[in-house]
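Listed below, chain by chain, are the residues.
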Amino acid sequence: MINRAVVLAFLNIGLIPILATPVHAADGKVDLVRVAKSERGMRLLSGDRVIREYKVALGARPIGHKRWEGDERTPEGRYILDWRNPNSMAHKSIHISYPNAQDRAAAKSMRVSPGGAIMIHGAVNGYGWWGWVLQLIDWTDGCIAVTNPEMDEIWTLVQDGTPIQINP
């Protein structure tokens, strides 16, 4: 993982180039969003075909499944993208249906809150101009972050009710 201070130092002296993510032409409907946490990648799929591919930032403690509110982990497993917020504190957001019944039961057994409000979102409002730098570090509280232009594209391509599979 890249140290945040190092990223900011390189940013200040202009040594980090703007990163481009390869994309594929979209013809089909997105029927699955797949996240590979270890690769910091997210793919929009139509059947077995990759429609779009993005680099992502995760929770600040990305290894392991989210267990409680404030643990800064991104959940793992299969969820649904169930609603969206065009006026969120980040540039648009799409909600991930965490916690599910199993997540709530596990948190209850530990006597903690499972948390919630886990989203796919863009940069925090007002910081979109440096969104590409935010993709170099894990900075969210458990969400999945992309750049603002990527979030605009995801917003258009992914419908409410689409499943999301988040893998370690």
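For the structure, see preceding data.
A brief structural summary. Remember, it's a predicted structure, so these values are computed and weren't measured experimentally.

Looking at helix H2 (residues 101-109)
Structural remark: α-helix, 3.6 residues per turn; residues separated by three or four positions point the same way.
For step 1, the next point in the chain: Of the residues flanking the start of H2, the one acting as N-cap is Asn100, its side-chain oxygen 3.1 Å from the backbone nitrogen of Gln102.
For step 2, the next point in the chain: A positive backbone phi angle near 60° is found at Arg111, which sits one or two residues after H2.

Looking at unusual backbone geometry
For step 1, the next point in the chain: Put simply, Tyr98 and Pro99 share a cis peptide bond, and its omega is 5°.
For step 2, the next point in the chain: Relative to the assigned elements, Pro99 resides in the loop between strand S5 (93-96) and H2.
For step 3, the next point in the chain: Although it is not a glycine, Ala117 sits at a positive phi angle of roughly 55°.
For step 4, the next point in the chain: Mapped onto the elements of the fold, Ala117 is located in the loop between H2 and strand S6 (119-121).

Examining the layout of surface pockets
For step 1, the next point in the chain: The space that makes up the second largest pocket amounts to roughly 260 Å³.
For step 2, the next point in the chain: Lining the second largest pocket are 18 residues, with Gly116, Ala117, His121, Asp141 and Cys143 positioned closest to its centre.
For step 3, the next point in the chain: When the residues that make up the lining of the second largest pocket are grouped by side-chain class, the tally is eight nonpolar, seven polar and three charged.

Focus on the packing of aromatic side chains
For step 1, the next point in the chain: Inspection of the entire model under this criterion finds one aromatic pair.
For step 2, the next point in the chain: Relative to Tyr98, the ring of Tyr79 lies with its centre 6.1 Å away and its plane at 70°, an arrangement referred to as edge-to-face. In this pair, Tyr79 sits in strand S4 (residues 77-85) while Tyr98 sits in the loop between S5 and H2, placing the two residues 19 residues apart along the sequence. Assigned by exposure class, Tyr79 and Tyr98 land together as buried.
For step 3, the next point in the chain: The positively charged end of Arg84 is found above the aromatic ring belonging to Trp155, 4.7 Å away from the centroid.

Structural notes on the nonpolar core
For step 1, the next point in the chain: With 24 residues, the main nonpolar core has Met42, Ile96, Ile144, Ile154 and Ile164 as its most contacted residues.
For step 2, the next point in the chain: For this core, the secondary structure elements donating two or more residues are strand S1 (32-36), strand S2 (41-46), strand S3 (49-55), S4, S5, helix H4 (148-157) and strand S8 (162-167).
For step 3, the next point in the chain: Top contributing element to this core by residue count: H4, with three residues.
For step 4, the next point in the chain: With residues near it in sequence (within four places) discarded, Ile154 still touches Met42, Leu44, Tyr54, Ile94 and Val146.
For step 5, the next point in the chain: If you look at the next biggest cluster of nonpolar residues, it comprises nine residues, including Ala123, Trp130, Leu134 and Trp139.

Some details on the pairing of S8
For step 1, the next point in the chain: With five of six residues buried, S8 is to be regarded as a mostly interior element.
For step 2, the next point in the chain: Bridge analysis of S1 against S8 gives four bridges, and the strand direction is parallel. Of the residues in S8, the one forming a bridge with Val35 is Ile166.
For step 3, the next point in the chain: Summarising the sheet, S4 and S8 pair through five bridges and their orientation is antiparallel. Within S8, the residue paired with Arg78 across the bridge is Gln165.

Quick notes on the rules
- Sequence order sets the numbering: in each chain, residues are counted from 1 along the sequence as written.
- With pLDDT at 70 or above as the cut-off, local features in this predicted model cover only qualifying residues; side-chain atom pairs require 80 or more to be listed or tallied, and sums for whole chains, interfaces and linings still use all residues.
- Side-chain measures here rest on the full set of heavy atoms in the structure, leaving out hydrogens and waters.
- The definition of a polar contact used here is a pair of N or O atoms within 3.5 Å, where within protein one atom must be able to donate a hydrogen and the other to accept one, and adjacent residues in sequence count solely through side-chain atom pairs.
- Helical segments are the DSSP runs of H or I of at least four residues, strand segments are the runs of E of at least two, and each set is numbered from the N terminus.
- Of the two site types, the cavity is a set of points on a 1 Å grid over the protein atoms alone where a 1.4 Å probe fits but cannot get out, and the pocket is an open set with protein on both sides within 12 Å along at least five of seven lines, each lined by residues with an atom within 4 Å of a point.
- Grid points are joined across faces, edges and corners, and a volume is the space filled by probe spheres set on the points.
- Amino acid classes used here: Ala, Val, Leu, Ile, Met, Phe, Trp, Tyr, Cys and Pro are nonpolar; Asp, Glu, Lys and Arg are charged; the rest, including Gly, are polar.
- Stacked, tilted and edge-to-face are the three classes assigned to paired rings of Phe, Tyr and Trp, where Trp is represented by its six-membered ring and a pair needs centres within 6.5 Å; plane angles under 30 degrees give stacked, over 60 edge-to-face, the rest tilted.
- Relative accessible area decides the class of each residue, using a 1.4 Å probe on protein chains only: under 20% of the type maximum gives buried, over 50% gives exposed, and in between gives partly exposed.
- In this analysis the charged atom, NZ for Lys or CZ for Arg, is taken to sit over a ring once it is within 6 Å of the ring centre and within 35 degrees of the ring normal.
- Put simply, a nonpolar core is a bunch of buried Ala, Val, Leu, Ile, Met, Phe, Trp, Tyr and Cys residues held in one set by side-chain atoms that sit within 4.5 Å of each other.
- Residue contacts are counted whenever heavy atoms from the two residues lie within 4.5 Å of one another.
- DSSP calls a pair of strands paired once it identifies at least 2 bridges connecting them.

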